[in-house]
Amino acid sequence: MLNNLILLIKGFFIGIANIIPGVSGGTLMITLGVYEQVIGAISHFFKYFKKNIKFLIPIGIGAVLSILLMSKVIGFCLEKYPFPTTLFFIGLILGGIPLIFKKVKGNIKSLPNWLIFLSAFSIVLVFTFISSGNRIVSFSNLNILGYIMLIIVGVVASATMIIPGISGSFMLMLMGYYKPIIDTIRDLTNLTNLGHNLMILIPFGIGILVGIVLVAKLIEYLLKKYEIKTYAGVLGFVIASVIAIIVPLGGSPVNIYQIGIGILLLGMGYLVAYKLGDK
C-alpha cells in the first residue's frame, strides 16, 4: 500500500512536468528513480503483465490526475509567480542528479563518455534557444489529415516526454499544438464540448502510446548495451535542462519575497526528489 502511494506521488510530479514547457517528464522519471523500471515495464508489458500493471497503474493514475487537476493551477502559478514555481522544479531536477552520478560510476571522465555528455548537453541548449514562434494550430473543422497529424504530434511529444532533458510540452509549442491541446484538456475537465474534445484527444493519445512504446524499446536497448554511455548522455540532458528552465525567467520581475519563497521551494523540491529517488 505504501509503495503504491509513493508511486502515485511520483506519477503526480511526472505528470506536472509534462505540463510545463521546458520541464521533461523523462527527467523527473530519472530524478525520482523510476526511469529504468518504467522503460522495462513498457517494453515488456505483456511478458510480465501482472507485475507491470501493478507498477504502472499508480504512476499512470498520478500522472493523469496531475494533468487534469493541475493544468489550471500550474498555469496560474507560472503566470503570477514564475520565479518560485520554476525554482521548485529545478529543485526536483537537482535532487536526482546524485542518483545519476551513481549510475555512471565515475566513468564520466573517459573521452567517449565526456563527448556524449557534451553532445547531449548541447542538444538541449539548441532546443532551448530555438524560438517557438507564434504559430498556433486550430482544431476547428479537422479533416482526416488533421487527425493523422494529431497522431504524429502525439508520437513526437511522447518521445520527448521519455527522453530526459527534452520537454514534450516545448516540442508541442514549436509545432503550434501546445496551447490548443492544453485548452482542450481544460475544456474536458470542465465537461464542455465532450464529443469534440474527445475526438481531438483520442488520436493524440494513440500517438502518445505508440511513441512511448517505440522509444522505450530504443532506450532499453541502449541501457542494456551501453549503460554508462547512455547515462553520460542522460546526465548531459538533465544538467542542461536546468539551464533550459531558467532561460525563460530572464524578463520575469521578482521581489525579495519571491526570492525567499523560491529558495525555500528549491530546497523542498531537492529534498522531495532526493528522498523519493531512494524509495
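Engineer: For the nonpolar core, give the residues involved together with the corresponding values.
Structural biologist: Core analysis: the largest hydrophobic core is formed by 67 residues, its most contacted members being Phe55, Leu172, Tyr177, Ile181 and Phe204. Here the element with the most residues in this core is helix H11 (residues 194–225); it accounts for 8 residues. Once you skip the residues sitting within four places of it in the chain, Phe55 turns out to touch Leu7, Val34, Gln37, Val38 and Ala41. With 8 residues, the next largest nonpolar core counts Ala120, Phe121, Val124 and Met171 among its residues.

Engineer: Let's hear about the side chain of Ser66: which residues, and what values?
Structural biologist: Turning to its location among the elements, Ser66 is positioned in helix H4 (residues 49–80). Among the polar contacts made by the side chain of Ser66, one reaches the main-chain carbonyl oxygen of Phe12 at a distance of 3.0 Å. Within the local environment of Ser66, its side chain forms a polar contact with the backbone nitrogen of Ile16, the two atoms lying 3.3 Å apart. Apart from the residues within four sequence positions on either side, Ser66 is in contact with Gly11, Phe12, Gly15, Ile16, Ile19 and Ser71.

Engineer: Lay out helix H7 (residues 111–128) in plain terms, naming residues and giving numbers.
Structural biologist: Look at H7: 26 Å from first C-alpha to last across 18 residues, which is about the 26 Å you get at 1.5 Å a residue. Among all positions of H7, only Asn113, Phe117, Ala120, Phe121, Val124 and Thr128 are buried. Summarising the axial view, the buried residues of H7 lie within an arc of 95°, below the 170-degree limit, and thus occupy one face. Exposed residues pointing more than 90 degrees away from the buried face of H7 are listed as Leu111 and Val126. Buried residues belonging to H7 abut helix H9 (168–175) and helix H12 (227–246).

Engineer: Account for a nonpolar patch on the surface, with residues named and values stated.
Structural biologist: Together, Ile151, Leu191, Leu194, Leu198, Ile202, Ile206, Val210 and Leu214 line one region of the surface with nonpolar side chains, adding up to about 700 Å² of accessible area. Top element by residues in the nonpolar patch is H11. It accounts for 6 residues. Secondary-structure assignment places Leu194 in helix H11.

Engineer: So what's going on with the environment of Phe127? Which residues, and what values?
Structural biologist: With respect to the helices, strands and loops of the structure, Phe127 is situated in helix H7. For the pair Phe127 and Phe170, spaced 43 residues apart in sequence, the C-alpha to C-alpha distance is 8.7 Å. Non-local contacts of Phe127, meaning those with residues more than four positions away in its chain, are made with Ile166, Phe170, Met171 and Leu174.

Engineer: Give me the lowdown on the packing of aromatic side chains, citing residues and values where you can.
Structural biologist: One pass over the full model with this rule turns up 11 aromatic pairs. Aromatic side chains Phe45 and Phe46 sit 5.1 Å apart centroid to centroid with 85° between the ring planes, which places their arrangement in the edge-to-face category. Accessibility expressed as a relative area gives 69% for Phe46, which makes it exposed. Pairing Tyr270 with Tyr274 gives two aromatic rings, centres 6.0 Å apart and planes at 10°, and the pair type is stacked. Of this pair, Tyr270 and Tyr274 are both found in helix H13 (residues 256–277), 4 residues apart, which corresponds to roughly one turn of the helix.

Each value, and the rule that gives it
Residues numbered from 1 in each chain as written. Predicted model: local features only at pLDDT ≥ 70, side-chain atom pairs only at ≥ 80, totals over all residues. Heavy atoms only, no water. Core = buried A, V, L, I, M, F, W, Y, C linked by side-chain atoms within 4.5 Å. Buried < 20%, exposed > 50% of the residue type's maximum accessible area, 1.4 Å probe, protein only. Helix = DSSP H or I, 4+ residues; strand = E, 2+ residues; numbered from the N terminus. Contact = heavy atoms within 4.5 Å. Polar contact = N/O pair within 3.5 Å; in protein donor to acceptor, adjacent residues only side chain to side chain. Expected span 1.5 Å × (residues − 1). Arc of directions from axis to C-beta. Patch = residues over 30% accessible without salt bridge, like charges linked within 9 Å, V, L, I, M, F, W, Y side chains within 5 Å. Areas by Shrake-Rupley, 256 points an atom, 1.4 Å probe, with all protein chains shown as cover. Salt bridge = Lys/Arg side-chain N within 4 Å of Asp/Glu carboxyl O. Phe/Tyr/Trp six-rings, centres within 6.5 Å; stacked < 30°, edge-to-face > 60°.

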